[in-house]
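Examining the three-dimensional arrangement
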Amino acid sequence: MKSLKFFGLGSVMALLLVSGCKPKGTETAVTGDAAERVYVAPGKYDEYYNFVSGGFNGQVNVYGLPSGRLLKVLPVFSQNPENGYGYSEETKPMLETSHGFIPWDDQHHLSLSQTNGEVDGRWLFANANNTPRVARLDLKTFKTVEILEIPNSAGNHSSPFLTENTEYVVAGTRFAVPTDDQSGDVPIESFKSNFKGVLSFIGIDKQSGEMDLSFQIEAPGINFDLSHAGKKKSGDWFFFSCYNSEKANTLLEVNASQNDKDFIMAVNWKKAAELVKAGKGRKVTTEYAHNKFDESTHTATSTMKKEVIVLSVEDMKDAMFMIPCPKSPHGCDVDPTGEYIVGSGKLAALIPVFSFDKMIKAIADKNFAGEFDGVKVIKYEAALHGEVQKPGLGPLHTEFDGKGNAYTSMFVSSEVVKWNIKDLKVLDRQPTFYSVGHLMIPGGDSAKPFGKYLVAYNKITKDRYLPTGPELAQSAQLYDISGDKMKLLLDFPTFGEPHYAQALPGDMLKDQVKFFRIEDNKHPYATKGEAESKVVREGNKVHVYMTSIRSHFAPDNIEGIRVGDEVYFHVTNLEQDWDIPHGFAIKGAQNAELLIMPGETCTLKWMPKKPGMYPMYCTDFCSALHQEMQGYVRVSPAGSNTPLIYSLNNKKDNAQSPVKAGETK
Amino acid sequence: MKNNSLKKITRIALVFCGCALIVSIFVPLWSIYLTAPQYPEGLAMYLWPNKITGEYEIINGLNHYIGMKTIQPEDFWEFKVLPYALAFFALLCFLTALFNRKLWLFITLVLFLIFGVAFMVDFWLWEYDYGHDLDPTAPIVVPGMSYQPPLLGYKQLLNFGAYSYPNVGGGIMFGVALILAILAWVEYRKTSAT
């Protein structure tokens, strides 16, 4: 994306030189009452939760709208030292893949679960672009509860997009690659024969939300960029934007921009699912991780799966079609009625809008222009509703307001353009600062957009915020779209680099978990009361069954640990009260600290390297006596026979609290 | 003899009081409600005739800073007695209505008033005990400070505002006492008038 930045910046500069005038300043773009409209008074809540992709940091960032205040950073694909996600023994399995433990990723797109095409506030799905993965977050706890690796893929870009009743989440590969059962150790020269573009359809359990890789489609070896499912009448279909129909494999900047038209690929997922049910498709041996977080044991498990069913182009001949689309389409967006599919040829000077009805008719009439690697290509005009003429430069993404209008981000000309879906007339344009990538209207890709705000997520922020060295913050800009003309209200910095985002009304997430009931804690090392606290040695492993409550740990002192021991601190937070987490940290820990929610058990593995006295303490200011929430671990040299003892809290004997002997198994 | 019997309306009211007292066995008697800056949503505790509900575990957790004893339902012998006491007074109301004698009404009133006063005194003693019998090794010791919650109404205790007021059951007890007193007064006046 860095290269795109420079491309965009260059273009902006070029435009400036050509036009010879300065762009309109932001000051004049903001209307007088903007501050009032984004002001959320103390004690009041924002109207919307805005879930913004974390880009390089692999996380999901939650902002409030309209204030633009950062509410939370949710760890998904990256370790998070703040709370031990990916470091604690319970959460390490979440980041397992067939390539081993991968504690980072490049998070691009988000999708909120839907019912009847409308957002329903149950789950949020997130993609990992680099090592292909799809995650599911539970919006009751704001925790990542499941991560599924995607085999036969590379660059999980056209993901995660959902069908209108959350039946499937899709993961289309960006890079064409040899499938996992073929050796990838082949010459790049053999690209055209060996490389395939695989689309994955992940089934979602209606009740639990659990994901299961139902089947894959081995499409031609082109690059899949973005996707969206149809809705209502087009609900059985998925649409993917494809680039590099040239199948070039070097200097794609030039070589993949040769054809005047690339494609939107239309896939009838319902038919594909029926084909799989009927026994079509081949079983491909592969390896992919399925990681699940169990909320009753507070523990994740990772299972390696070995097989996947893959449908071929031949299997899909009546259920998969190509629609020509002007060069290098990026966004592929379906309007709330399900009738119009907007492709954004990011190198084209127009926006093609396709009609679902026309596409179906063209298929029925066999109105084809030919085939592409065995996939029938519908005639461009036969599927075309019309083209938006001169919309701006570099159209990327389109969202909808539910009132018949579409809003497209223009990367090169740095603006958001509003146009009418039916007559394709441009209605309004507003500058962004600068180089807008994705944009988002709450519910704007669903059948029911809320249509009040639009947020533009920009790549370049020169002159927007206090400079922070060579790397600047990235930015989001909030527009009021309730009137005829868009009005810029606010900009706020975001983590780089924001891609697609989702938003829903705050009211929808009122039913949230405030603490975990200690009675329901099924963690095998849970300590459900101070009386159960203990220290147990099993060979060179020492298990500390520890509790935390305002404002002490039990036990608070441990002796008899030796260099070479693996010490597992299983800390249970006994609090049953909202917003009272406790932290746990120990000197010399090479992984992280823990942040344990009320009623939860978390485990930190600690391997002391040298003898000494090691303080441990609570890291989250929990009460007036937080600073007193501390203790010591005495570490003796390897092989020494210091008895394993620990002290429980006894206020009657301040200097020398009673000590208990640890157990040995 | 006629002088000694009750008006019809009195007998109906007695049956009503009896029924209300039966209801009071199955609803909370008293509420204690705490607010503090860090508890904007408040913490509630409900005293029933036979149990304590609400967030008393959290209140216990907070009370340990000042060395207050933990509130444990099994410590209260009253929970074994109160449901029967209330049932007894319900029965007494029914019997008074059935026997239709003024003397019974006066006895019922006096016994119930004694019970009510004893209840409040007992409640106050518990509160006194919790508020004053503090652990001397407590982390927070404010010289001269006690933490007795109010019997009725509001009191500020350090950072906590404590409210204490009757819940449905307590309301019924007050209501029954009031109705019995009015009935007794009306019946007494009827006697003196003749």
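Residues numbered from 1 in each chain as written. Chains lettered and ligands numbered in written order. Predicted model: local features only at pLDDT ≥ 70, side-chain atom pairs only at ≥ 80, totals over all residues. Heavy atoms only, no water.

Moving on, we come to the overall build of chain B. When helices and strands are counted, chain B shows 5 helices and 5 strands. The order of α-helices and β-strands along chain B, N terminus first, is α-β-β-β-α-α-α-β-β-α. Its C-alpha atoms give chain B a radius of gyration of 20 Å, clearly above 16 Å, the size a compact globule of 194 residues would have. Along the first, second and third principal axes, the C-alpha atoms of chain B reach 70 × 30 × 30 Å. Across the 194 residues of chain B, 46% fall into the buried class. Pairs at least 24 apart in sequence give 66% of the contacts found in chain B among residues at least 6 apart. Carbon together with sulfur atoms contributes 72% to the accessible area of chain B, which is approximately 10300 Å² in total. (Helix = DSSP H or I, 4+ residues; strand = E, 2+ residues; numbered from the N terminus. Rg over C-alpha atoms; globule rule 2.2 N^0.38 Å. Buried < 20%, exposed > 50% of the residue type's maximum accessible area, 1.4 Å probe, protein only. Contact = heavy atoms within 4.5 Å. Areas by Shrake-Rupley, 256 points an atom, 1.4 Å probe, with all protein chains shown as cover.)

This brings us to the sheet that holds strand β4 (residues 153-157) of chain B. Remark on secondary structure: sheet strands pair via backbone hydrogen bonds, oriented parallel or antiparallel. Residues and elements named next belong to chain B. Taken together, 5 strands build an open sheet; the order of strands is β3-β2-β1-β5-β4 and the sheet is antiparallel. Each end of this open sheet is capped by a strand with a single partner; those strands are β3 (52-54) and β4. Across the sheet, the axes of successive neighbouring strands diverge by a mean angle of 20°, strand direction being ignored. Taken together, the 6 bridges between strand β1 (residues 30-36) and strand β2 (residues 39-47) define a ladder with antiparallel strand orientation. Within β2, the position partnered with I32 by the bridge is M45. (Pairing = 2+ DSSP bridges. Axes fitted to C-alpha atoms, helices over the stretch in contact; angles between N-to-C directions.)

For the rest of this paragraph, the subject is the interface of chain A and chain B. Across the boundary between the two partners, chain A contributes 7 residues, which contact 8 residues of chain B. Roughly 730 Å² of surface becomes buried between chain A and chain B when both sides are summed, with 51% attributable to carbon and sulfur atoms. Between chain A and chain B we count 0 salt bridges in total. Applying the counting criterion to the chain A and chain B interface returns 5 residue pairs in polar contact (both at pLDDT 80 or more). Within the side of chain A that touches chain B, the residues separate by chemical class into 1 nonpolar, 3 polar and 3 charged. (Buried area = accessible area lost by both parts, 1.4 Å probe. Salt bridge = Lys/Arg side-chain N within 4 Å of Asp/Glu carboxyl O. Polar contact = N/O pair within 3.5 Å; in protein donor to acceptor, adjacent residues only side chain to side chain. Nonpolar A, V, L, I, M, F, W, Y, C, P; charged D, E, K, R; others polar.)

The subject of this paragraph is the confidence of the model for chain B. Residues with a pLDDT of 70 or more make up 97% of chain B, whose mean pLDDT is 92. As scored by the predictor, the complex reaches a pTM of 0.91 and an ipTM of 0.83. (pLDDT = per-residue confidence, 0-100.)

Residue and element names in this part refer to chain B. Looking at the element boundaries, V110 is found in helix α4 (residues 102-132). Relative accessible area serves as the criterion here: at 47%, V110 is assigned to the partly exposed category. Expressed as a C-alpha distance, the spacing of V110 and C17, which sit 93 residues apart in the sequence, is 15 Å.

Looking now at empty space enclosed by the protein. Residues and elements named next belong to chain A. Applying the stated criterion across every chain, the model contains 3 cavities of 30 Å³ or more. Looking at the largest cavity, its volume works out to about 80 Å³. If you trace the largest cavity, you find it lined by S111, Q114, F161, L162, E164, H228, A229, G230, K231 and D445. Across the lining of the largest cavity, the residue classes tally to 3 nonpolar, 4 polar and 3 charged. Volume-wise, the second largest cavity comes out at about 60 Å³. In terms of lining, the second largest cavity is formed by F161, L226, S227, H228, G331, C332, D333, H397, T398, E399, H438 and Y500. Contributing elements (two or more residues each) for the lining of the second largest cavity: β14 (223-229), β20 (329-334) and β26 (395-400). (1 Å grid on protein atoms, 1.4 Å probe; cavity = no way out; pocket = protein on both sides within 12 Å on 5 of 7 lines; lining within 4 Å. Points joined across faces, edges and corners; volume = space filled by probe spheres on them.)

As a further point, take the sheet that holds strand β27 (residues 405-410) of chain A. Residues and elements named next belong to chain A. Strand order in the open sheet formed by 4 strands is β26-β27-β28-β29, and the pairing between neighbours is antiparallel. Edge positions in the open sheet fall to β26 and β29 (426-431), since each of these has one partner strand only. Sheet twist, expressed as the average angle between the axes of neighbouring strands with direction ignored, equals 20°. Pairing of strand β28 (residues 415-420) with β29, which is carried by 5 bridges, proceeds in the antiparallel orientation. Residue pairing in the sheet places V417 in a bridge with R429 of β29.

To continue, consider the state of the cysteines. Following the criterion strictly, the structure yields 0 disulfides over all chains and no others. No disulfide involves C618 of chain A; its nearest neighbouring cysteine sulfur is the one of C622 of chain A, lying 4.2 Å away. Looking at C17 of chain B, it has no disulfide partner, and the nearest cysteine sulfur is the one in C93 of chain B, 5.3 Å off. Classification of C17 of chain B as buried rests on a relative accessible area of 0%. (Disulfide = S-S within 2.5 Å.)

Of all hydrophobic cores here, the largest spans 55 residues; its most connected members are L14, L21, L43, I52, F112, F115 and V176 of chain B. Counting residues per element, the ones that place at least two in this core are α1 (8-25), β1, β2, α2 (56-63), α3 (78-99), α4, β5 (160-166) and α5 (168-193) of chain B. Sequence-distant contacts of L14 of chain B, defined by excluding residues within four places in its chain, comprise L6, C93, T96, A97, L105, L180 and L183 of chain B. The next biggest cluster of nonpolar side chains, apart from the first, holds 32 residues, and it includes Y168, A219, A273 and M316 of chain A. (Core = buried A, V, L, I, M, F, W, Y, C linked by side-chain atoms within 4.5 Å.)

Further remarks concern unusual backbone geometry. Comment: phi is negative for the bulk of residues other than glycine, and the bulk of peptide bonds are trans. Residue and element names in this part refer to chain A. The omega torsion across L65 and P66 is 10°, close enough to zero to call that bond cis. In this model, S159 is joined to P160 through a cis peptide bond whose omega is -5°. Mapped onto the elements of the fold, P160 is located in strand β10 (residues 156-162). One non-glycine residue, K232, lies in positive phi territory at about 50°.

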